[in-house]
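Listed below, chain by chain, are the residues.
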Amino acid sequence: MLVTQEPVLRRFWYPVMPLAQLMDGPQSFTLLGQPLVLWLDRDGKPAALGDRCCHRSAKLSMGTVNDGCVRCPYHGWSFDGAGTCTDVPQLDPGAAIPKTYRVTAFQCAERYGYAWVCLSDDPLLPIPEIPEAEAAEHRLIPQFYEPWQCSGLRVMENSFDNAHFSIVHAESFGVTEQPKPAKSEIVSLELGLKVYATVPVVNPPIQQQLLNIPDTLTVRQVESTWYAPFSRTLKITYPNGLMHLIFTAATPVSDRTSQIVQFCIRNDTEADASTESIIAFDRQVVDEDKRVLESTDYDTPIDIAAEQHIPSDQPGILMRRQLSMLIRSEHSNHKLVPEKQGATQV
Ligand code: FES
Ligand code: CO
């Protein structure tokens, strides 16, 4: 599946940039091959337009923000968040600006400290709801924002793959002597999955400190949610009640590149575990995944028969099925038929 070839993927919300990066003025981001300019409007809300001025096509992202509008770097025309031209310095003051002076606008919203964009006016799903992010006693830690040279589907499948821990994560939390994957309960949702598992993990000294668990082995209760097409939450609860919830999106930039957007939510405090050390441990884990994921074929097949499987690949198989059904229904312009809901054991 080449992401830029599937228009249905434009009908989802994607986190594209930390809001903090927009404080410095307009920024560029490419989503599904569509160049965008993002900036903060008068109310501090993010806005997104196509990154081409309608006059002589200069990149608006090279411009400035003036009075909540983005101002083109070439002749200084300004555009608001709806794409309407609000100022043409070359016209007489008070002269009407032709309505055709406009740039394509895209839906843009703030959530969890990030600007999210949907390239369609008709999104299939809302921005993922993460109730844990709203709880006052929880802290949200921005972790990673970086391009990976791999497909978002591979990143999602990897997140739900219990069979790679003892190999890929042998240095961090994988139990080397236990390559047999933990059993999962899988529930298919409409354009998503829920997966529950109990996973034994190695608890290295650094984690013993961060988790406040003195044992060298522990266990994770895991509740994972896949939000089609390329976002997930991984809610880990340890035996002492500590919650470490990770949100990861593999926002599709182009056919070969995904922008990894990751933050975590914890129910402990800075005094229990420092932000820096939490990021450092997750950095190690994420780099272990990145290394192998960037070696995979970016044109990821959604045809189940195209690759070989083991039972623990079931979440990835369901993702491929849901995506092929979605693409088929978009191609045939039929109403989307949700996959049958229910639980399966693997
Ligand atoms: Fe943007 Fe001329 S190219 S104002
Ligand atoms: Co992994």
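Residues numbered from 1 in each chain as written. Chains lettered and ligands numbered in written order. Predicted model: local features only at pLDDT ≥ 70, side-chain atom pairs only at ≥ 80, totals over all residues. Heavy atoms only, no water.

Draft legend 1. Region of the structure containing the packing of aromatic side chains. Counted according to the given criterion, the structure contains 7 aromatic pairs. With centroids separated by 5.7 Å and ring planes inclined at 40°, the aromatic side chains of Y112 and F263 adopt a geometry described as tilted. A residue pair is termed long-range when its members are at least 10 positions apart, and Y112 in the loop between β9 (105-111) and β10 (114-118) and F263 in strand β17 (residues 258-266) qualify at 151 residues. Residue Y112 shares its accessibility class with F263, and that shared class is buried. Ring geometry for Y114 and F263: centres 5.7 Å apart, planes at 20°, overall stacked. Pair noted here: Y114 is in strand β10 and F263 is in strand β17, with a separation of 149 residues, a long-range link. Ring pairing ties together the aromatic residues Y112, Y114, W116, F247 and F263, which thus form one cluster. Positioned above the aromatic ring of F173 is the side chain of R220, whose terminal nitrogen or guanidinium carbon lies 4.3 Å from the ring centre. One residue, R283, lies across the ring of F144, its end atom 4.5 Å from the ring centre. (Phe/Tyr/Trp six-rings, centres within 6.5 Å; stacked < 30°, edge-to-face > 60°. Helix = DSSP H or I, 4+ residues; strand = E, 2+ residues; numbered from the N terminus. Buried < 20%, exposed > 50% of the residue type's maximum accessible area, 1.4 Å probe, protein only. Lys NZ or Arg CZ within 6 Å of the ring centre and 35° of its normal.)

Draft legend 2. A look at the coordination of the cobalt ion (ligand 2). The cobalt ion (ligand 2) binds to the protein through H164 (NE2), H169 (NE2), D289 (OD) and D289 (OD); the donor distances cover 2.1 to 2.4 Å. Each donor residue of the cobalt ion (ligand 2) lies on the same chain, and together they follow the pattern H-x4-H-x119-D. (Donors = N, O, S within 2.8 Å, 3.2 Å for Na, K, Ca; no water.)

Draft legend 3. Main features of the sheet that holds strand β1 (residues 13-18). Within the open sheet, the 6 strands sit side by side as β1-β10-β9-β4-β3-β2. Their pairing is antiparallel. Two strands close off the open sheet at either side, each with one partner strand: β1 and β2 (27-31). Pairs of neighbouring strands in the sheet enclose a mean axial angle of 35°, with direction left out of account. Relative to β10, β9 is paired through 5 bridges, and the arrangement is antiparallel. Among the inter-strand pairings, R111 is bridged to a residue of β10, identified as Y114. (Pairing = 2+ DSSP bridges. Axes fitted to C-alpha atoms, helices over the stretch in contact; angles between N-to-C directions.)

Draft legend 4. Quick look at the UniProt feature "domain: Rieske" (unreviewed entry) in the protein chain. Per the UniProt entry, the sites bearing "domain: Rieske" (unreviewed entry) are residues 13-117 in this numbering. The span residues 13-117 shows a helical share of 0% and a strand share of 43%, and its end C-alpha atoms are spaced 5 Å apart. (UniProt positions renumbered as here; feature names shortened; annotations may be inferred.)

Draft legend 5. Examining the packing of helix α2 (residues 152-159) against helix α6 (residues 314-331) more closely. Two elements in contact, α2 and α6, have axes whose closest approach is 9 Å; the angle formed by their N-to-C orientations is 145°. Two secondary-structure elements touch here, α2 through L153, R154, M156 and E157 and α6 through G316, M319, R320 and L323. Residues that form the contact of α2 with α6 fall into these classes: 4 nonpolar, 1 polar and 3 charged. (Contact = heavy atoms within 4.5 Å. Nonpolar A, V, L, I, M, F, W, Y, C, P; charged D, E, K, R; others polar.)

Draft legend 6. Spatial organisation of the pairing of strand β15 (residues 231-237). Of all 7 residues in β15, 5 are buried, a share of seventy percent or more. As judged from the 7 bridges shared by strand β14 (residues 217-227) and β15, these two strands associate in the antiparallel manner. Of the residues in β15, the one forming a bridge with T225 is T233. Here β14 folds back onto β15 in antiparallel fashion, the turn holding 3 residues. Here 7 bridges tie β15 to strand β16 (residues 243-252), and the two strands are oriented antiparallel to one another. Bridge pairing in β16 places I236 opposite H244. Linking β15 to β16, which pair antiparallel, is a turn of 5 residues; within it G241 sits at a positive phi near 95°.

Draft legend 7. Region of the structure containing the domain arrangement of the protein chain. Assigned domains within the protein chain: domain 1 (3-118) and domain 2 (133-327). When each unit is reduced to the centre of its C-alpha atoms, the spacing between domain 1 and domain 2 is 33 Å. On the domain 2 side, the residues contacting the 22 residues of domain 1 number 22 residues. With both chains or domains summed, domain 1 and domain 2 bury close to 1,800 Å², and 71% of this area falls on carbon and sulfur atoms. Among the residues of domain 1 in contact with domain 2, F12, Y112 and Y114 are the three that bury the most area, contributing 30% of the side total. Residues E134 and R111 are paired through a salt bridge, measuring 3.5 Å at the closest nitrogen-oxygen approach. (Domains from an automatic or database assignment. Buried area = accessible area lost by both parts, 1.4 Å probe. Salt bridge = Lys/Arg side-chain N within 4 Å of Asp/Glu carboxyl O.)

Draft legend 8. Just the pattern of salt bridges, in detail. Summed over all chains, the structure comprises 17 salt bridges. Measuring nitrogen to oxygen at the nearest pair gives 2.8 Å for the salt bridge that ties D287 to R283. A residue pair is termed a helical-turn pair when its members lie 3 or 4 positions apart in one helix, as D287 and R283 do in helix α5 (residues 275-293) at 4 residues. Relative accessible area serves as the criterion here: at 24%, R283 is assigned to the partly exposed category. A salt bridge links R320 to E307; the nearest nitrogen and oxygen atoms lie 2.7 Å apart. In this pair, R320 is assigned in helix α6 and E307 in the loop between α5 and α6, connecting sequence segments 13 residues apart. Residue classification places R320 among the buried residues on the basis of a relative accessible area of 4%.

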